[in-house]
Amino acid sequence: MSSLNPAQSQAVKHVHTPLLVLAGAGSGKTLAITHKLAHLVRSLYYTPESIYAVTFTNKAAREMKERAGKLMGEEAVRLNVSTFHTFGLNFIRQEYKALQLKRSFTLLDEDDSMAMLREAGNLGQLDKQVLFALRHEISNWKNALLTPEQAMAIAKDKDQQLAATAYAAYERTQRACHALDFDDLILLPAACLRDNLDIREKWQDKVRYLLIDEYQDTNGAQYELMKFLAGTRAAFTVVGDDDQSIYAWRGANPENLNILQQDFPKLQVIKLEQNYRSFGRILKCANTLIANNPHLFEKSLWSQKTYGEPLRVLSCKNDEDEAERVVNEIMMRKMRFNLNWKQFAILFRGNHQARLFEKALIEKRIPYKLSGGQSFFAKAEIKDVLAYFRLLVNEDDDAAFLRIVNVPRRDIGAVTIEKLGAYAQRRHGSLLPSSLELGIESELNGRSLTAVRQFAELIRRYAEQARKGDALEAVNELLKAIGYEGWLYEQASSPKVAQSRWQNVQDLVSWLGNHINHPQDPCDFEEAVNRLLLRDMLERSAEEDRNADEVQMLTLHAAKGLEYPHVYMVGMEEELLPHHVSIEEGNIEEERRLAYVGITRAQETLVFSLCKTRKRYGELVHCEPSRFLTELPVDDLQWDDQRNQSEEQKAQVREDRLAALKALLDD
DNA sequence: GGACGTTATCTTTTT
DNA sequence: GATAACGTCC
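Scoring rules and cut-offs
For every chain, the first residue of the written sequence is number 1, and numbering continues from 1 along that sequence. Following the order in which they are written, the chains are lettered starting with A and the ligands numbered starting with 1. For this predicted model, a pLDDT threshold of at least 70 governs which residues receive local features, and a threshold of 80 or more governs which side-chain atom pairs are given and counted, while totals over whole chains, interfaces and linings are taken from all residues. Only hydrogens and water are set aside when side-chain values are computed; all heavy atoms of the structure are taken into account. UniProt positions are given in the numbering used here, feature names are shortened, and annotations may be inferred rather than shown by experiment. A run of H or I in DSSP counts as a helix once it spans at least four residues, and a run of E counts as a strand once it spans at least two, with each numbered from the N terminus. To get the radius of gyration, use the C-alpha atoms; to get the globule rule, take the number of residues to the power 0.38 and multiply by 2.2 Å. The buried label applies to any residue whose accessible area, calculated with a 1.4 Å probe on protein chains only, is under 20% of its type's maximum; exposed applies above 50%, and partly exposed to all values in between. By convention in these notes, a residue is near a molecule or strand provided one of its non-hydrogen atoms lies within 4 Å of it. Distance and chemistry together define a polar contact, namely a pair of N or O atoms within 3.5 Å, with one atom able to donate a hydrogen and the other to accept it when in protein, and with adjacent residues in sequence counting only for side-chain atoms on both sides. Segmentation of the chain into domains, including their bounds, is taken from an automatic or database domain assignment. Charged means Asp, Glu, Lys or Arg here, nonpolar means Ala, Val, Leu, Ile, Met, Phe, Trp, Tyr, Cys or Pro, and polar covers whatever is left, Gly included. Expected helix span is computed as 1.5 Å times (number of residues minus one). Residues enter a nonpolar core if they are buried and are Ala, Val, Leu, Ile, Met, Phe, Trp, Tyr or Cys, with the set joined through side-chain atoms within 4.5 Å. In this analysis, two residues are considered to be in contact whenever any of their non-hydrogen atoms come within 4.5 Å of each other. A fitted line through C-alpha atoms serves as each axis, taken over the contacting stretch for helices, and the angle formed by two N-to-C directions is quoted from 0 to 180°. Helix crossings are classified by the rotation of the near helix relative to the far one: an anticlockwise turn of less than a right angle makes the crossing left-handed, while a clockwise turn makes it right-handed. Here a pair means two rings of Phe, Tyr or Trp (six-membered ring of Trp) with centres within 6.5 Å. Their orientation is stacked below 30 degrees between planes, edge-to-face above 60, and tilted elsewhere. Being paired, for any two strands, means DSSP has found at least two bridges between them. Criterion for a salt bridge: a side-chain nitrogen of Lys or Arg within 4 Å of a carboxyl oxygen of Asp or Glu.

- Within an unreviewed UniProt entry, the label attached to chain A reads ATP-dependent DNA helicase Rep, and the organism entered is Permianibacter aggregans.
- The UniProt entry for chain A carries this comment under Subunit (unreviewed entry): "Homodimer."
- On record in UniProt, under Sequence similarities (unreviewed entry), the comment for chain A is "Belongs to the helicase family. UvrD subfamily."

Next comes the structure, spelled out in structure tokens:
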């Protein structure tokens, strides 16, 4: 406890009334939370099982567990540390009966959910963007804990009524398939606690103390869930920073910081304002920038660290030039100061920006890691195999059934599926079991019937093996039985493409295996699949080599919560940061917070880069410097325009590069 | 039903 | 410039 400053220590010890900790960037928030966990157990004799800590990312949850473990040892594993969604999943697995669900249900990711909505609402021809807006609207209703009926009742116009109708159809289909989307993982527990006094009392008794991290990112349903868990005892601490709210576009409601004060009048507010991360000048620039935003709570970050060098701004001719210069800079700095690659991070607004930097890094043989999570799960081969997993776990998962019933080709066409679907609907059953019923025999012709039944029997056979025997073996044998590798080669334009796709499938299977046989935390097949769908495994394996010495490349969104000695924020241009869509929507404040998050990642040096021209959608466009650069104090920026370099400077740069290259060769 | 060519459309992405 | 959705042809 001696390692804490007065504000941190106050935040740790305060337990008698609800507490809001306003934790500025780099203010030792995780340190305070983990000390609080230890304090509750060691000094106040809470059992670890009765403490629930909730985060937003798997990564944050894992880090919290790890750091709590270092502080309090063995007992830390008994703490309930999880993401909101994992908490919800565990809750539903315990209370599935009250929710009228089967024990085995499946999770839909964003794409699955969209596909189900299109199917359920008969929206086949609807434009993708309109469908997206519709899905968003449904999400909003779910986040407000509204049923389709309630949504219909408050619908203001014809469009909303149509949306509510689609919501109703979507929910019916979900029920029929025992499929939950990400929203349901929050919505169902919240509604369950609201509607069942006995369950509410049971959980309020279980949850003796509640901690919530990144509270500014909570949405309406998450807030309701939190309130029901906290109950009247209201033993909780929430930690947040309104300046780092960058997920409003995704339903997060930073107003929850304000509402808290109204809902809990006894709320105590503690501010953590000392920054332990960044050199003074970097912090000053961050403060100057964010001062342009309105604030819910005033706070001012300060640092005892040295002031540091001016922040440099690399003004480049074009985007290729930008990548080359940034990579050269990194290379030279590494050699000159004998640093590690992993001390450098390149931050950008959009994933597409990574391309050129990747190219430049590969050219120079510099190791790097690109954090881009979801593209892996968007790949068709991964979605196919996941659909097989889902169907093995839950044979009522019609969405998964439809996706793979003819993949690889089994000559099961639309007509057959339609007949089967109509039959299943009449019988109020799902597709796979329906195809094995006697009644279906009169509906389908012999060939179609055989094809569908063979498929259904195949799934049942391997599902049984997965349940009773070795799940990993079952999965591998299933993939062999359906000839998936061969199918990939058949489908792909070149063997190379097929090879990489098959590699993706193998990665997926090995992640599944790692999880099932995890040394500390083994689980059954069903849970492994669910964790896979909650994206928990990719990160886990990525984290295993987090000690690898690689330059880090990530989006500004992904960078939140992380820190690096040397940060390069690239593409500091109007239309990119702030993004043109945000400019059009007048949503500059969130973009400014995004820039703020980027700046506050830097510990020692920070370099911005921008271009005069850039290729966008294949066309060369002129770029203006980001307004955020002009909002920073002029004296702290050092503009470094390539065109203004003297011959002497250019010679120096060439010499430096040569030296760096030589050093690299020696390495 | 599937392969292939043409044409609009472009964020960020914890789960 | 890449992709996905759409239309056309076999």
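## As for the overall build of chain A
No. 1: Helix and strand content of chain A: 31 helices and 19 strands.
No. 2: For chain A, whose C-alpha radius of gyration is 27 Å, the value lies close to the compact-globule estimate of 26 Å for 667 residues.
No. 3: For chain A, the C-alpha atoms occupy an extent of roughly 85 × 65 × 55 Å along the three principal directions.
No. 4: Looking at chain A residue by residue over its 667 residues, the buried ones come to 54%.

## Digging into the protein's contact with DNA strand C
No. 1: Looking at DNA strand C, the residues that line it are K128, K615, Y617 and G618.
No. 2: Backbone sugar and phosphate groups make up 20% of those atoms of DNA strand C lying within 4 Å of the protein.
No. 3: Taking Y617, its main chain carries an N or O atom lying 3.2 Å from a base oxygen of DNA strand C.

## A short note on the domain arrangement of chain A
No. 1: For chain A, the domain assignment lists domain 1 (6-93 + 192-272), domain 2 (106-177), domain 3 (302-367 + 548-664) and domain 4 (377-413 + 436-542).
No. 2: The C-alpha centroid of domain 4 is placed 42 Å from the C-alpha centroid of domain 3.

## Some points on the protein's contact with DNA strand B
No. 1: The full set close to DNA strand B counts 26 residues, and Q129, R250, R349, R409 and T555 are the nearest of them.
No. 2: Among all atoms of DNA strand B positioned within 4 Å of the protein, those belonging to sugar or phosphate total 51%.
No. 3: Among the residues making up the surface near DNA strand B, the classes are represented as eight nonpolar, 11 polar and seven charged.

## Structural notes on helix α4 (residues 84-95)
No. 1: Taking 1.5 Å per residue as the helical rise, α4 with its 12 residues ought to reach 16 Å, and the 16 Å between its terminal C-alpha atoms agrees with that figure.
No. 2: What α4 keeps buried is the set F84, F87, G88, L89, F91, I92 and E95.

## A look at the nonpolar core
No. 1: Counting residues in each nonpolar core, the largest one holds 103 residues, and the members touching the most others are M226, F236, L260, F389, Y484 and F525.
No. 2: With 10 residues, helix α21 (residues 446-468) is the single largest residue contributor to this core.
No. 3: Among the domains, domain 1 (6-93 + 192-272) and domain 4 (377-413 + 436-542) are the pair contributing at least three residues each to this core.
No. 4: When neighbours within four sequence positions are excluded, F236 is seen to be in contact with T17, P18, L19, Y209, L210, M226, A230, L260, F264 and L267.
No. 5: Membership of the second largest hydrophobic core comes to 36 residues, among which are I246, L289, A559 and M569.

## Regarding the packing of helix α23 (residues 484-491) against helix α24 (residues 495-516)
No. 1: Between α23 and α24, the least distance of the axes is 8 Å, while the angle of their chain directions is 145°. When the axes of α23 and α24 are compared, the crossing they make is right-handed. Residues Y484, E485, L488 and Y489 of α23 lie in contact with α24, whose contacting residues are P495, A498, Q499, R501, W502 and V505.

## Some remarks on the packing of aromatic side chains
No. 1: Taken as a whole and judged by the stated rule, the model has 13 aromatic pairs.
No. 2: Ring centres of F91 and W203 lie 4.6 Å apart, and the angle between their planes is 40°; on these two criteria the pair is classed as tilted. Residue F91 is found in helix α4, and its partner W203 is found in helix α10 (residues 197-206); the two are separated by 112 residues along the sequence. For the pair shown, F91 and W203 are each scored as buried.

## Examining the environment of L101
No. 1: Tracing the chain through its elements places L101 in the loop between α4 and β4 (106-108).
No. 2: Owing to a relative accessible area of 12%, L101 belongs among the buried residues under this scheme.
No. 3: Between the C-alpha atoms of L101 and A76, which are 25 residues apart in sequence, the distance is 32 Å.
No. 4: With residues near it in sequence (within four places) discarded, L101 still touches I92, Y96, R175, H178, L180 and L188.

## Brief notes about the sheet that holds strand β13 (residues 368-370)
Across a sheet, paired strands are connected by hydrogen bonds in the backbone, their directions being either parallel or antiparallel.
No. 1: Spatially, β13-β14-β12-β15-β16-β11-β19 is the arrangement adopted by the seven strands of the open sheet, whose pairing is parallel. Edge positions in the open sheet fall to β13 and β19 (637-641), since each of these has one partner strand only. Sheet twist, expressed as the average angle between the axes of neighbouring strands with direction ignored, equals 20°.
No. 2: The pairing of strand β12 (residues 344-348) with strand β15 (residues 564-569) spans four bridges and is classified as parallel.

## Things to note about unusual backbone geometry
For residues other than glycine, phi is negative in most cases, and the peptide bonds are mostly trans.
No. 1: With an omega of 0°, the peptide bond between L577 and P578 qualifies as cis.
No. 2: Summarising the element assignment, P578 is placed in the loop between β15 and α28 (580-585).
No. 3: Here Y45, not a glycine, exhibits a phi torsion of approximately 60°, which is positive.
No. 4: Summarising the element assignment, Y45 is placed in the loop between α2 (29-42) and β2 (51-55).
No. 5: Look at Y45 and you get exposed, because its relative accessible area is 70%.
No. 6: Within the chain, H178 stands out as a residue other than glycine whose phi angle is a positive 50°.
No. 7: On the secondary structure map, H178 appears in the loop between α8 (158-177) and β5 (179-181).

## Overview of the sheet that holds strand β1 (residues 19-23)
No. 1: Read from one edge of the open sheet, six strands run β3-β2-β6-β7-β1-β8, paired in parallel fashion. Taken across any chain shown, the strands that pair with only one partner, and hence form the sheet edges, are β3 (80-83) and β8 (268-272). With strand direction ignored, the average angle separating the axes of adjacent strands in the sheet is 15°.
No. 2: Where β1 meets strand β7 (residues 236-240), four bridges bridge the pair, whose relative direction is parallel. By the bridge assignment, V21 is partnered in β7 with V239.
No. 3: On the sheet, α2 packs against β1, β2, β6 (209-212), β7 and β8 and is oriented at approximately 170° with respect to β6.
No. 4: Packed onto the sheet, helix α3 (residues 58-72) meets β2 and β3 and runs at close to 160° relative to β3.

## Description of the pattern of salt bridges
No. 1: Applying the stated criterion across every chain, the model contains 45 salt bridges.
No. 2: Of the charged contacts in the structure, one is a salt bridge between D241 and K299, with a shortest N-O distance of 2.8 Å. Taken together, the positions of D241 in the loop between β7 and α12 (256-263) and K299 in the loop between α13 (280-290) and β10 (302-303) put the pair 58 residues apart, joining distant regions of the chain. Here D241 matches K299 in class, with each residue buried.
No. 3: Between D640 and R325 there is a salt bridge; the shortest N-O distance is 3.7 Å. Of the two residues, D640 sits in strand β19 while R325 sits in helix α14 (residues 319-337), which places them 315 residues apart along the sequence. Note on accessibility: D640 and R325 belong to one class, buried.
No. 4: Here the salt bridges do not stand alone but share partners, grouping K29, D213, E214, D217 and K560 into one network.

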